[in-house]
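So you can see what is in the structure, the chains are spelled out below.
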Amino acid sequence: MTLIRQLDAPSMQLEHIHTRCFDYGWSEGVFADLLIKPHHRTYVFEVEGEIVSFVVMTVVAGEGEILTICTDPDFQKRGLARMLLQQVIKALREEGAESLFLEVAIDNPAALRLYESVGFKKTGRRKAYYSRKDKPPVDAHILRLAL
């Protein structure tokens, strides 16, 4: 059984997945702080009751921004991030939002292909945006999706 739902309570699973996906994963405390803020949302994809993919975003004044999106490496390449993106886009359109933004590392071509395939366009670049443990910082593309 699989399910996409909005998360309303902190989960250690988010920290675990995020740490597996990024050089500097967010702590459970960061996720807990985001969940209590009024404009933040977290959607999760569950398989048999376990979170395996999630997106954290904010929505303010008709604009959404994806702060992070990731899928447990054991569940990647199954379209879960695409399904989460589609859920986010659907929800924002139903609310009348005008756009959705995110940043993606320039050295992550798979993510860039995913975002471009659902209609995101490059609008700018952030120099040295993503820190790396054993490498120099990496620039990020700023992407925008008109809703």
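Residues numbered from 1 in each chain as written. Predicted model: local features only at pLDDT ≥ 70, side-chain atom pairs only at ≥ 80, totals over all residues. Heavy atoms only, no water.

A. Examining helix H2 (residues 28-36) more closely. Every buried residue of H2 is listed here: Phe31, Leu34 and Leu35. With its buried residues spanning 100° around the axis, H2 presents them on a single face. Here the buried face of H2 lies against helix H1 (12-21), strand E2 (40-47), strand E3 (50-60) and strand E4 (63-71). (Buried < 20%, exposed > 50% of the residue type's maximum accessible area, 1.4 Å probe, protein only. Helix = DSSP H or I, 4+ residues; strand = E, 2+ residues; numbered from the N terminus. Arc of directions from axis to C-beta. Contact = heavy atoms within 4.5 Å.)

B. Focus on the nonpolar core. Of all hydrophobic cores here, the largest spans 27 residues; its most connected members are Met57, Ile66, Ile69, Leu100, Tyr115 and Phe120. Elements that contribute at least two residues to this core include exactly E2, E3, E4, helix H3 (80-95), strand E5 (99-105), helix H4 (109-117) and strand E7 (138-146). Looking at this core, the element that brings in the most residues is H3, giving eight residues. Not counting chain neighbours up to four residues away, the residues in contact with Ile66 comprise Val55, Val56, Met57, Leu85, Leu100, Phe101 and Leu102. In terms of nonpolar packing, the next biggest core, distinct from the first, is built from 11 residues, Leu7, Leu14, Leu35 and Val56 among them. (Core = buried A, V, L, I, M, F, W, Y, C linked by side-chain atoms within 4.5 Å.)

C. Here's a closer look at the pairing of E3. Along E3, nine of the 11 residues are buried, which leaves the element largely enclosed by surrounding structure. Judged from the eight bridges that link them, E2 and E3 form a sheet pairing that is antiparallel. Note that in E3 the partner of Tyr43 across the bridge is Val55. Hairpin connection between E2 and E3: a loop of two residues separates the two successive antiparallel strands, and Glu48 in this loop has a positive phi of roughly 50°. Summarising the sheet, E3 and E4 pair through eight bridges and their orientation is antiparallel. In the strand pairing of E4, Ser53 is matched with Thr71. Counting the residues that bridge the hairpin from E3 to E4 gives two residues, and of these Ala61 lies at a positive phi of roughly 50°. (Pairing = 2+ DSSP bridges.)

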